[in-house]
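# Examining the three-dimensional arrangement
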2 protein chains.
Amino acid sequence: MRFGLFGGATAQGSDVVIDSSRDYRHYVDYVCAAEALGFHSVFMVEHHFTGFNQVSASLTFLSYLAARTSRMRLGTAVAVLPWHNPVLLAEQAATVDLLSGGRLDFGVGRGYRHSEFAGFCIPMDEAEERYNEALAVIRKAWTTDGRFSHHGRRWHYEDVVVEPAPTQRPHPPLWVGAGNPEVIRAVAQDGIRVLLDQLSTPEVSGRRLAAYRDAVEAQGRTFDPMHVGLTRGLHLALNRGERDRQHALRAQFLDHVRRLTLNPAAAMGTLASAAAADPREATEATTLIGDPDEIIARLRALEALGIEYVLLMDLEGSLATLETFAREVMPAFAPRADAAVAA
Amino acid sequence: MRFGLFGGATAQGSDVVIDSSRDYRHYVDYVCAAEALGFHSVFMVEHHFTGFNQVSASLTFLSYLAARTSRMRLGTAVAVLPWHNPVLLAEQAATVDLLSGGRLDFGVGRGYRHSEFAGFCIPMDEAEERYNEALAVIRKAWTTDGRFSHHGRRWHYEDVVVEPAPTQRPHPPLWVGAGNPEVIRAVAQDGIRVLLDQLSTPEVSGRRLAAYRDAVEAQGRTFDPMHVGLTRGLHLALNRGERDRQHALRAQFLDHVRRLTLNPAAAMGTLASAAAADPREATEATTLIGDPDEIIARLRALEALGIEYVLLMDLEGSLATLETFAREVMPAFAPRADAAVAA
């Protein structure tokens, strides 16, 4: 099993605007410490307009981390394509890949937060179409030998060559967040890796991994479990009081995301149901909550379902928690034979 | 007098596609060496679609340099606003400013290369309008306390807050390239700093600096010569053979830029005239060509015109040239009293 980090520079459970410079510096130190402790990757979210100094320019931040780290994979989770000029995004991603020596994992997505679509004045029902066009442009930019043109619904380019070329050829691995089994199959067939969400139960996540594996193997390819990353909330709690505090933190986080995500006038799938469920029950079912022994047991259950790549999201961004995890949990899981090299 | 670097990671005089990874790494080392040698800043160009692996994502690159340097100012020269979603650009710039501890100099421009407007399928006659709207959005984003909306001709935002906030308040210094005296006056009145081009003679550059200074002083403010950066080609030549080679290099560069800039079906102001002039004569008149003593004399002439901030562009990106300049030219110019601190 391998472990990565998932999240951003600011404590996402909080509505309090804190000093972003301090937060960013703390997060850089946190990521550097994670590399030293043996974590395999960091996947950074991209969000906008929250009012609490979230990371917005994830590739810009990863470029800084590229200079401060030397082995970790650097991921976006995800770059939201409907906001970006796809050629400029491809240039930024390739620049990070190049400067990091080929360590970029390029996660892309459609976006899901109502507050962001409203802020950018982009109708949410255009997300799919915009995503598809942007992804097509980016792949064309990275796989075309020489110049190309594109005349789509949103974007036009004439006789362009997108530079620099990324170090990983033909391009950095693509990752998408997916849950629907049909989407997972399509993604697998397309050679794209998958990020599984932090709100689903292990059983649901296991079925999704199986759907991905089956689709890969149906093509006659070998399934690599490192191509499926599962995000889990990490809630270290050594006693009852700490457990209660972690539950409160998680409930606050879910409420926060729900408010940013939902259209005040409507309701949406997964997050609405997650919010409707009892938060304490949901947290017990879906996160790595407990003391190290309990967390090991929870990870063993995931491992039994075939999951070998877990991305941890600690809402507190606590270095002490990271160290406890590395010292008391990680050794229980044999590193994969190729753990020293890139994914 | 203070000195900075101007340019990008790839030898701009060459049409040959070279390995961009090697070029980028070399440029990082070059910039780090420049900091150690006492250079004050690096201003990076942004260009697209040249086919020779130029720097395209300048803020992404500067973010990497922010981690590798500790004192240098990090500048864009310039971020071409018509290509960018202004809110995403403001987020990227603020992220670099924050991660660098407030070292960003944010140069912005309208763009001037026909090949880039054609590639992005943006009519060149929209450059001014797009530039004005984007700059207004960026300034609004950085000076509005709380949320704002913008509904312009190209961009729409509703109830957004642009984060993170930059470290320099209210925002990183803005720089623009300007030559026309009326534009220079307007820029000065607007509190924006100015980048003077590398193609004009010292006399013309001196008049432009004077126009800027006069406009600042007419407002009752104190003119700071560090607010006017003059770019000069650096062509170290210790003998006649080297001088000839530097002339050839410069002529190739001017020809190259002209081809990327001009509409094949038309002709344009400055660059067309620069190209029409005898290149050898133009190079003698406008660059820092010669041995260290001649370069010192050329810089003294600029100093006599009031110019105190010179950005060097060495087409070869030679570390040896940089070292020679630092060892044999820089000591002839007293560092300004506040040379150890930021601009």
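Residues numbered from 1 in each chain as written. Chains lettered and ligands numbered in written order. Predicted model: local features only at pLDDT ≥ 70, side-chain atom pairs only at ≥ 80, totals over all residues.

### Digging into the overall build of chain A
Basically, it comes down to this: Helix and strand definitions follow DSSP, with helices as H or I runs of at least four residues and strands as E runs of at least two, each counted in order from the N terminus. The contact rule is simple: place each C-beta atom from the backbone, and if two of them lie within 7 Å, those residues are in contact.
Of the regular secondary structure elements, chain A holds 12 helices and 12 strands. Long-range pairs, those at least 24 residues apart, make up 75% of the contacts in chain A between residues at least 6 apart in sequence.

### A look at the interface of chain B and chain A
Quick reminder of the rule: Residues are grouped as follows: Ala, Val, Leu, Ile, Met, Phe, Trp, Tyr, Cys and Pro are nonpolar; Asp, Glu, Lys and Arg are charged; all remaining types, including Gly, are polar.
Between chain B and chain A, the contact holds 41 residues from the first and 41 residues from the second. Within the residue set of the side of chain B that touches chain A, elements represented by two or more residues are α1 (20-36), α2 (58-68), α3 (86-99), α4 (114-120) and β7 (156-160) of chain B. With eight residues, α2 of chain B is the single largest residue contributor to the side of chain B that touches chain A. When the residues that make up the side of chain B that touches chain A are grouped by side-chain class, the tally is 21 nonpolar, 15 polar and five charged.

### Here's the deal with the packing of helix α3 (residues 86-99) of chain A against α2 of chain B
Using the following cut-off: Axes here mean lines fitted to C-alpha atoms, for a helix over just the part in contact, with angles spanning 0 to 180 degrees between N-to-C directions. In this scheme, roughly parallel covers angles under 35 degrees and roughly antiparallel covers those over 145, while 65 to 115 is roughly perpendicular and the rest are oblique. When the near helix sits turned anticlockwise from the far one by under a right angle, the crossing is termed left-handed; a clockwise turn instead gives a right-handed crossing.
Remark: α3 of chain A packs on α2 of chain B, axes separated minimally by 8 Å, with the N-to-C direction vectors making an angle of 30 degrees. Overall, the two elements α3 of chain A and α2 of chain B adopt an arrangement that is roughly parallel. You can see that α3 of chain A and α2 of chain B cross each other, and the crossing is right-handed. Together, Q92, T95, V96 and L99 of chain A of α3 of chain A and T60, F61 and Y64 of chain B of α2 of chain B make up the contact between the two elements.

### Let's talk about the relation of the copies chain B and chain A
Rule in force here: The superposition of copies rests on a least-squares fit of C-alpha positions from residues with pLDDT of 70 or more in both.
Each copy superposes on the other: chain B lies on chain A with an RMSD of 0.0 Å after a rotation of 180 degrees and an axial shift of 0.0 Å. What the superposition gives is, in effect, a two-fold axis relating one chain to the other.

### Structural notes on the packing of helix α6 (residues 181-189) of chain A against helix α7 (residues 202-218) of chain A
All names here are of chain A. Where α6 contacts α7, the axes come no closer than 8 Å and their chain directions differ by 40 degrees. Considering their axes alone, α6 and α7 lie oblique with respect to each other. Where α6 crosses over α7, the handedness of that crossing is right-handed. Along the contact surface, α6 presents P181, I184, R185, A188 and Q189, while α7 presents R208, A211, Y212, A215 and V216. Class assignment for the residues of the contact of α6 with α7 results in seven nonpolar, one polar and two charged.

### Concerning unusual backbone geometry
A cis geometry characterises the amide bond from A77 of chain B onward to V78 of chain B, with omega recorded as 0 degrees. Summarising the element assignment, V78 of chain B is placed in the loop between β3 (73-76) and β4 (79-80). Cis geometry is found at the peptide bond from R169 of chain B to P170 of chain B, where omega equals 0 degrees. Here P170 of chain B is to be found in the loop between β7 and β8 (174-177). One non-glycine residue, N53 of chain A, adopts positive backbone phi at about 60 degrees. Along the chain, N53 of chain A turns up in the loop between β2 (41-44) and α2 (58-68). Phi angles above zero are rare outside glycine, and C121 of chain A is one such case at about 55 degrees.

### Considerations on helix α8 (residues 240-261) of chain A
What sets the pattern is the α-helix's 3.6 residues per turn: residues three or four places apart point alike. All names here are of chain A. Applicable threshold: One less than the number of residues in a helix, times 1.5 Å, gives the span that helix is expected to have. Neighbour counting defines burial: a residue surrounded by 20 or more other C-beta atoms within 10 Å of its own C-beta is buried, one with 12 or fewer is exposed, and intermediate counts give partly exposed, using backbone-placed C-beta atoms. It is the directions from the helix axis to the C-beta atoms whose arc is reported.
Helix length check: α8 (22 residues) gives 31 Å between terminal C-alpha atoms against 32 Å at 1.5 Å per residue, within 8%. Every buried residue of α8 is accounted for by R243, Q246, L249, R250, F253, L254 and V257. All buried residues of α8 fall inside an arc of 135 degrees around its axis, so they share one side. In α8, those exposed residues whose orientation departs by more than 90 degrees from the buried face are R240, G241 and D244.

### Let's talk about the pairing of β2 of chain A
All names here are of chain A. Quick reminder of the rule: Two strands are counted as paired when DSSP detects at least two bridges linking them.
What you see with β2 is no split at all: S41 and F43 on one side and V42 and M44 on the other are buried throughout. Relative to β2, strand β1 (residues 2-7) is paired through four bridges, and the arrangement is parallel. Its bridge partner lying in β2, G7 is registered against M44. Both β2 and strand β3 (residues 73-76) contribute to a ladder of four bridges, which runs parallel. Bridging across to β3, S41 finds its partner in R73.

### Remarks on the environment of L81 of chain A
Residue and element names in this part refer to chain A. The residue L81 is located in the loop between β4 (79-80) and α3 in this model. Given 21 C-beta atoms within a 10 Å radius, L81 is considered buried. In this structure the C-alpha to C-alpha distance between L81 and A134, which are 53 residues apart in sequence, comes to 6.2 Å. Discounting chain neighbours no more than four positions away, the residues touching L81 are P86, V108, G109, R110, R130, Y131, A134 and L135.

### Notes on the pairing of strand β10 (residues 228-236) of chain B
Moving residue by residue along a regular strand, the side chains alternate between the two faces of the sheet. Residue and element names in this part refer to chain B. Within β10, nine of the nine residues are buried, leaving the element largely enclosed by the surrounding structure. Residues V228, L230, R232, L234 and L236 of β10 are buried on one face, and the alternating residues G229, T231, G233 and H235, pointing to the opposite face, are buried as well. Alignment of strand β9 (residues 193-196) against β10, held across three bridges, turns out to be parallel. Opposite V194, over in β10, you have V228 as the bridge partner. Note: β10 against strand β12 (residues 309-313), four bridges, orientation parallel. Counterpart to T231 in the pairing with β12 is L311. Bridge count for β10 against strand β11 (residues 288-290) is three bridges, and the pairing is parallel. If you follow L234 over to β11, its bridge partner there is L288.

### Topic: the environment of L59 of chain B
Within the secondary structure layout, L59 of chain B lies in helix α2. Looking at L59 of chain B, the number of C-beta atoms within 10 Å reads 29, which means it is buried. A C-alpha to C-alpha distance of 6.6 Å links L59 of chain B and A93 of chain B, two positions 34 residues apart in sequence. Sequence-distant contacts of L59 of chain B, defined by excluding residues within four places in its chain, comprise T60 of chain A together with T76, A79, Q92, A93 and V96 of chain B.

### As for the nonpolar core
For clarity, the cut-off: Note on terminology: a nonpolar core is any set of buried Ala, Val, Leu, Ile, Met, Phe, Trp, Tyr and Cys residues joined through C-beta atoms within 7 Å.
Ranked by size, the top nonpolar core spans 170 residues in total, and within it V194 and V310 of chain A together with V194 and V310 of chain B carry the most contacts. Those residues in contact with V194 of chain B that sit more than four places away from it in its chain are W175, V176, A178, I184, V187, Y212 and V228 of chain B.

### Let's talk about helix α11 (residues 292-304) of chain B
All names here are of chain B. Compared with an ideal rise of 1.5 Å per residue, which puts 13 residues at 18 Å, α11 spans 18 Å between its outermost C-alpha atoms and is within 8% of the ideal. The complete set of buried residues in α11 reads I295, R298, L299 and L302. Along the long axis of α11, the arc covered by the buried residues comes to 95 degrees, so they all point the same way. In α11, the exposed positions angled more than 90 degrees off the buried face are occupied by D293, A297, R300 and A304. Elements in contact with the buried residues of α11: α7 (202-218), β10, β11 and β12. Phi for G306, located one or two positions after α11, is positive at around 100 degrees.

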